[in-house]
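Here are the chains, one letter per residue:
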Amino acid sequence: MIHKSFFFCLWIWFSRGVFGVHMDEVKSVSVMEGDSVTLNTDVKVQKDDQILWVYRLGSSETRIAEIHRQSVYMHNSNVTFGGRLRMDSQSGSLTIRNIRTTDSGLYKLSIFSRNISYRSFSVNVYAHLPIPVIIRDSSNCSSSSSFERSSVPKCSLLCSAVNVSHVTLSWYKGNSLLSSINVSDLSISLSLSLEVEYQDKNTYSCVINNPISNQTKHLDNISQLCQTHTCSELKSSHWVGILVSLVILAVLAVAAIIFFRRKSKQAQPQNETSAFTTDAQKRAVCAYVSKQ
């Protein structure tokens, strides 16, 4: 419930310079999905104070909580937050429980007391990160002929993570960063390749991280992963698969031809018998008519 007369009086007092106005900078808050976060006002509510919280997402703003004359009003916050909001009646601080990624946005605080102050909290909610997956990148076989001719054989590895957003994916050699890629789009698959020598004894790891958490996958045995299938073996198996498929198709085609030929031969004697029976019946009818 918003009291228009109260705001009108505040506007008059402010225009006359009775109150000072304090504008604070936007405070950034990062939190993991599923946790709880409290946006503190750092004040103690007095009898005639008014505290208002507004949630802004994009260009739309929604009043979500208010204290007026020491009474708490939650407005339509249950529609947006499903009863996960709590407002402290003594301080006006706002707590969001079981926070979701959809709760990210700007939370604007207005405090009307002896002084007027405005604060804003930019809340960023991050989803839990998956552990990256490292596989042999067989798609690079088409461009790896130079590797195979090299005196030091190499292979290409691929580190990937699915359904991620606002993250960075990186390859490390020991503690040294080799390469990285980041994304801010929602729910996409991210991958990053790395070329290594078959017998490389260095320690490699793939790391996915956001501003508040990370997950790491260590590459324990390069030679085992790289030598599972060489590019020439992968190419051979590819052609073998194509050849087997062609043979199966040819066998099925021959079987279909034999089947239809046998069916047509079985139907031909029946048609001849039927034709013979019909001619005999016609001759019998003609003979009977002539006798009459």
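Structure's up top.
A brief structural summary. Note that this is a predicted model, so its numbers are computed, not measured. Here the residue numbering is sequential within each chain, running from 1 through the sequence in written order. pLDDT decides what is reported in this predicted model: residues at 70 or higher carry local features, side-chain atom pairs at 80 or more are listed and counted, and totals for whole chains, interfaces and linings draw on all residues regardless. Calculated side-chain values reflect all of the structure's heavy atoms, with hydrogen atoms and water omitted.

What about the overall build of the protein chain?
So, step 1. Of the regular secondary structure elements, the protein chain holds 5 helices and 16 strands.
So, step 2. Residue burial is assigned from relative accessible area. The probe radius is 1.4 Å, only protein chains are included, and a residue is buried under 20% of its type maximum, exposed over 50%, and partly exposed in between. Here the protein chain, with 292 residues, has 30% of them falling under the buried criterion.
So, step 3. The method behind every accessible area is Shrake-Rupley, applied with a 1.4 Å probe, and residues are considered shielded solely by the protein chains displayed. Surface summary for the protein chain: the accessible area is close to 18900 Å², and the carbon and sulfur share equals 53%. Helix and strand labels come from DSSP, where a helix needs a run of H or I of at least four residues and a strand needs a run of E of at least two; each type is numbered from the N terminus.

Section: the layout of surface pockets
So, step 1. One number sums up the size of the second largest pocket: a volume of about 200 Å³.
So, step 2. The method works on a 1 Å grid over the protein atoms by themselves. A cavity is a set of points holding a 1.4 Å probe that cannot get out, a pocket is an open set with protein on both sides within 12 Å along at least five of seven lines, and residues with an atom within 4 Å of a point line them. Lining of the second largest pocket is provided by Met23, Leu52, Val54, Glu61, Thr62, Arg63, Lys108, Leu109, Ser110, Tyr118, Arg119 and Ser120.
So, step 3. Counting residues per element, the ones that place at least two in the lining of the second largest pocket are β3 (50-57), β4 (60-68), β8 (105-112) and β9 (116-126).
So, step 4. For the lining of the second largest pocket, the residue count by class is 5 nonpolar, 3 polar and 4 charged. Grid points are joined across faces, edges and corners, and a volume is the space filled by probe spheres set on the points. Any residue outside Ala, Val, Leu, Ile, Met, Phe, Trp, Tyr, Cys, Pro, Asp, Glu, Lys and Arg is labelled polar, Gly included; the first ten of those are nonpolar and the last four are charged.

A word on the sheet that holds strand β10 (residues 133-136)
Strand pairing in a sheet relies on backbone hydrogen bonds, with the paired strands running either antiparallel or parallel.
So, step 1. Pairing between strands is defined by DSSP: at least two bridges between them are needed. Reading across the sheet, the 3 strands line up as β10-β11-β14 and stay open at both edges, with antiparallel pairing between neighbours. Of all strands in the sheet, those with a lone pairing partner are β10 and β14 (188-197), marking the two edges. For this sheet the average axis-to-axis angle between neighbouring strands, irrespective of direction, equals 25°.
So, step 2. Relative to β14, strand β11 (residues 154-164) is paired through 9 bridges, and the arrangement is antiparallel. Looking across to β14, one finds that Val164 is bridged to Ile188. Angles run from 0 to 180 degrees between N-to-C directions of axes, and those axes are lines fitted to C-alpha atoms, restricted for helices to the stretch in contact.

Comments concerning the packing of aromatic side chains
Where two aromatic rings form a pair, the distance of their centres and the angle of their planes describe that pair.
So, step 1. In this scheme Phe, Tyr and Trp rings, the latter by its six-membered ring, pair at centre separations within 6.5 Å, and the angle between planes marks the pair as stacked below 30 degrees, edge-to-face above 60, and tilted otherwise. Under the definition given, this model contains 5 aromatic pairs.
So, step 2. An angle of 90° between the planes, with centres 6.4 Å apart, marks the rings of Phe112 and Tyr118 as edge-to-face.

Details of the sheet that holds strand β13 (residues 176-183)
So, step 1. Overall, antiparallel pairing links the 4 strands, which are arranged β13-β12-β15-β16 in an open sheet. Unpaired on one side and paired on the other, β13 and β16 (213-219) mark the two borders of the sheet. Recorded for the sheet is a direction-independent mean angle of 15° between the axes of neighbouring strands.
So, step 2. As paired elements, strand β12 (residues 167-173) and strand β15 (residues 204-210) share 6 bridges and run antiparallel to each other. Residue Tyr172 lies in a different strand from β15, and its bridge partner there is Ser205.

With respect to the state of the cysteines
So, step 1. Any cysteine sulfur atom paired with another within 2.5 Å is treated as part of a disulfide. Enumeration over the complete set of coordinates arrives at 1 disulfide.
So, step 2. Here Cys159 is linked by a disulfide to Cys206, with a sulfur-sulfur distance of 1.9 Å. Across the S-S bond of Cys159 and Cys206 the torsion is about -90°, and the bridge reads as left-handed. One end of the pair, Cys159, is in strand β11; the other, Cys206, is in strand β15, and 47 residues separate them in sequence.

Things to note about a nonpolar patch on the surface
So, step 1. Residues with no salt bridge and a relative accessible area higher than 30% make up the patches, which join like charges within 9 Å and nonpolar side chains (Val, Leu, Ile, Met, Phe, Trp, Tyr) within 5 Å. In what follows, salt bridge is the name for a side-chain nitrogen of Lys or Arg lying within 4 Å of a carboxyl oxygen of Asp or Glu. Taken together, Ile242, Val244, Leu246, Ile248, Leu249 and Leu252 make up a surface patch of nonpolar side chains, about 560 Å² in accessible area.
So, step 2. Within the secondary structure, Ile242 sits in helix α5 (residues 231-291).
So, step 3. Look at Ile242 and you get partly exposed, because its relative accessible area is 33%.

Comments concerning unusual backbone geometry
So, step 1. The backbone phi angle of Asp42 is positive, close to 60°, even though this residue is not glycine.
So, step 2. In this structure, Asp42 sits in the loop between β2 (37-39) and β3.
So, step 3. The phi angle at Asn98 is positive, at roughly 45°, despite the residue not being glycine.
So, step 4. Mapped onto the elements of the fold, Asn98 is located in the loop between β7 (94-96) and β8.

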